[in-house]
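# Fold and contact review
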Amino acid sequence: MKTTETTAPVPAESGMPITKTGAPAKAPAKEKKEGTVLNVFSHGVLVIWAFMVAMPLLWAVMTSFKDDASIFSSPWSLPDKLHFSNWSRAWTQANMSDYFLNTILVVGGSLIGTLVLGSMAAYVLARFDFPGNRFIYFLFIGGMSFPIMLALVPLFYVVNNMGLLNTIHGLILVYIAYSLPFTVFFLTAFFRTLPTSVAEAAFVDGASHSRTFFQIMLPMAKPGLISVGIFNFLGQWNQYMLPTVLNTDPDKRVLTQGLVQLAVSQGYKGDWSGLFAGLVMAMLPVLAAYIIFQRQVVAGLTAGALK
């Protein structure tokens, strides 16, 4: 008498259906379709966002090479020819060259001072335990949340009493104080992710604290320095409120003050092409800085994610 042997069913793993032969079935195509739809939707949103951001910039650049008649008659068309006289007129007659020089002096000096002082303070707060360490750290954190509007009036009197009103170096010191809280906050977290064994080996070899910081730890923190430097550069380059209150000398105006003056003067003159040329001049350094250092910015922001 023959007996039929039956095989035990193979249990399905994690709810996956099995076929009659016992082999697990393929994943349903519905999940793949939903993933494709989600990717298409997210990419579509990113494309729309990029278009909304890039189009005004491209339109401003295109308009800066038109004449005044073409700006109003055909605002969305390409220029019939490149009017480079708009740029030369904005650079010379509108004093954009002086505004650029003042801005480079102020932003360059304040950026160097912010990175040097901020990195030193962040290194001490991240590596050394001493009474008041957390208190000082939270003071910097509180400085990030303090509205600058509340400090304008007392800041004006302090700078005036120190004899630094309407001076380049006075504005540099104010920019440094304004940017230090975020710089210390950013670099303190970054220094904590760096390995301590390297600094300990330097101390064993007889290196001092200052030499260990400047020759070993600071080069290791280069991605973080570049990232926070870009953020400070953008904030200081586009700063308008502080120089308006603390720098009333027409000969020492920075670029943001010059753009406002250019908009007022060129608006009355009807020289809209020169106004757009000056606007693009102020915009190009910021775009160039981000395009050149965009990899370093991303590397600095993600460096602390993994040790």
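Residues numbered from 1 in each chain as written. Predicted model: local features only at pLDDT ≥ 70, side-chain atom pairs only at ≥ 80, totals over all residues. Heavy atoms only, no water.

## Re the overall build of the protein chain
- Along the protein chain, the regular secondary structure elements total 13 helices and zero strands.
- Starting at the N terminus, the α and β elements of the protein chain follow one another as α-α-α-α-α-α-α-α-α-α-α-α-α.
- Per-residue burial over the protein chain gives 34% buried out of 307 residues.
- Carbon and sulfur atoms make up 69% of the accessible area of the protein chain, which amounts to about 19200 Å² in all. (Helix = DSSP H or I, 4+ residues; strand = E, 2+ residues; numbered from the N terminus. Buried < 20%, exposed > 50% of the residue type's maximum accessible area, 1.4 Å probe, protein only. Areas by Shrake-Rupley, 256 points an atom, 1.4 Å probe, with all protein chains shown as cover.)

## Quick look at the environment of A201
- If you trace the backbone, A201 turns up in helix α8 (residues 196–204).
- According to the relative accessible area criterion, A201 is partly exposed, its value standing at 38%.
- The spatial distance from the C-alpha of A201 to the C-alpha of T212 is 9.7 Å, given a sequence separation of 11 residues.

## Digging into the packing of helix α4 (residues 96–127) against helix α7 (residues 168–193)
- Where α4 meets α7, the closest approach of the two axes is 6 Å, and the angle between their N-to-C directions is 35 degrees. Here the hand of the crossing between α4 and α7 comes out right-handed. (Axes fitted to C-alpha atoms, helices over the stretch in contact; angles between N-to-C directions. Left-handed = near helix turned anticlockwise from the far one by under 90°.)

## Here we look at a nonpolar patch on the surface
- A contiguous nonpolar patch, built from I48, W49, F51, M52, V53, M55, L58 and W76 and spanning about 950 Å² of accessible area, is present on the exposed surface.
- Its location among the elements puts M52 in helix α1 (residues 29–63). (Patch = residues over 30% accessible without salt bridge, like charges linked within 9 Å, V, L, I, M, F, W, Y side chains within 5 Å. Salt bridge = Lys/Arg side-chain N within 4 Å of Asp/Glu carboxyl O.)

## Here we look at the nonpolar core
- The biggest cluster of nonpolar side chains holds 27 residues, and the ones touching the most others in it are M96, F233, W237 and L255.
- Ranked by the residues each element gives to this core, the list is headed by helix α13 (residues 272–302), at nine residues.
- Setting aside anything within four residues of it in sequence, one finds L255 in contact with M96, Y99, F100, T103, W237 and A282.
- One finds V106, Y175, L180 and L246 within the second-largest nonpolar core, a separate group that totals 17 residues. (Core = buried A, V, L, I, M, F, W, Y, C linked by side-chain atoms within 4.5 Å. Contact = heavy atoms within 4.5 Å.)

## Describing the packing of α7 against helix α10 (residues 222–237)
- Between α7 and α10, the shortest axis-to-axis distance is 10 Å and the interhelical angle comes to 155 degrees. When the axes of α7 and α10 are compared, the pair comes out roughly antiparallel. Remark: the crossing between α7 and α10 carries right-handed chirality. Counted together, Y175, S179, F182, T183, F186, L187 and F190 of α7 and P223, G224, L225, S227, V228, F231, N232 and Q236 of α10 form the full contact between these two elements.
- For the contact of α7 with α10, the per-class residue count stands at nine nonpolar, six polar and no charged. (Parallel < 35°, antiparallel > 145°, perpendicular 65-115°, else oblique. Nonpolar A, V, L, I, M, F, W, Y, C, P; charged D, E, K, R; others polar.)

## Regarding the packing of aromatic side chains
- Counted according to the given criterion, the structure contains 17 aromatic pairs.
- Measuring from centroid to centroid gives 5.6 Å for Y123 and F191, while their planes differ by 75 degrees, and the two rings are edge-to-face. Linking Y123 in helix α4 with F191 in helix α7, this pair joins segments that are 68 residues apart in sequence. Like F191, Y123 is buried.
- Ring centres of Y123 and F213 lie 5.0 Å apart, and the angle between their planes is 45 degrees; this geometry places the pair in the tilted category. On the criterion of sequence distance, the pair formed by Y123 in helix α4 and F213 in helix α9 (residues 209–220) is long-range, its members being 90 residues apart.
- Owing to a relative accessible area of 5%, Y123 belongs among the buried residues under this scheme.
- A connected cluster of aromatic rings, assembled from ring pairs, spans Y123, F128, F191, F213 and F214.
- Above the face of the Y137 ring, R192 is positioned so that its terminal group lies 5.4 Å from the ring centre. (Phe/Tyr/Trp six-rings, centres within 6.5 Å; stacked < 30°, edge-to-face > 60°. Lys NZ or Arg CZ within 6 Å of the ring centre and 35° of its normal.)

## A word on the environment of R127
- The residue R127 is located in helix α4 in this model.
- Residues R127 and T188, 61 residues apart in the sequence, show an inter-C-alpha distance of 8.8 Å.
- In this structure R127 touches F191, L194, P195, T196 and M217, once residues within four positions along its chain are discounted.
- A distance of 2.7 Å separates a polar side-chain atom of R127 from the backbone oxygen of L194. (Polar contact = N/O pair within 3.5 Å; in protein donor to acceptor, adjacent residues only side chain to side chain.)

## Details of α10
- In a regular helix each residue adds 1.5 Å, so 16 residues correspond to 22 Å; α10 covers 22 Å between its end C-alpha atoms and thus fits that length.
- Within the span of α10, buried status applies to G224, L225, I226, S227, V228, G229, I230, N232, F233, Q236 and W237. (Expected span 1.5 Å × (residues − 1).)

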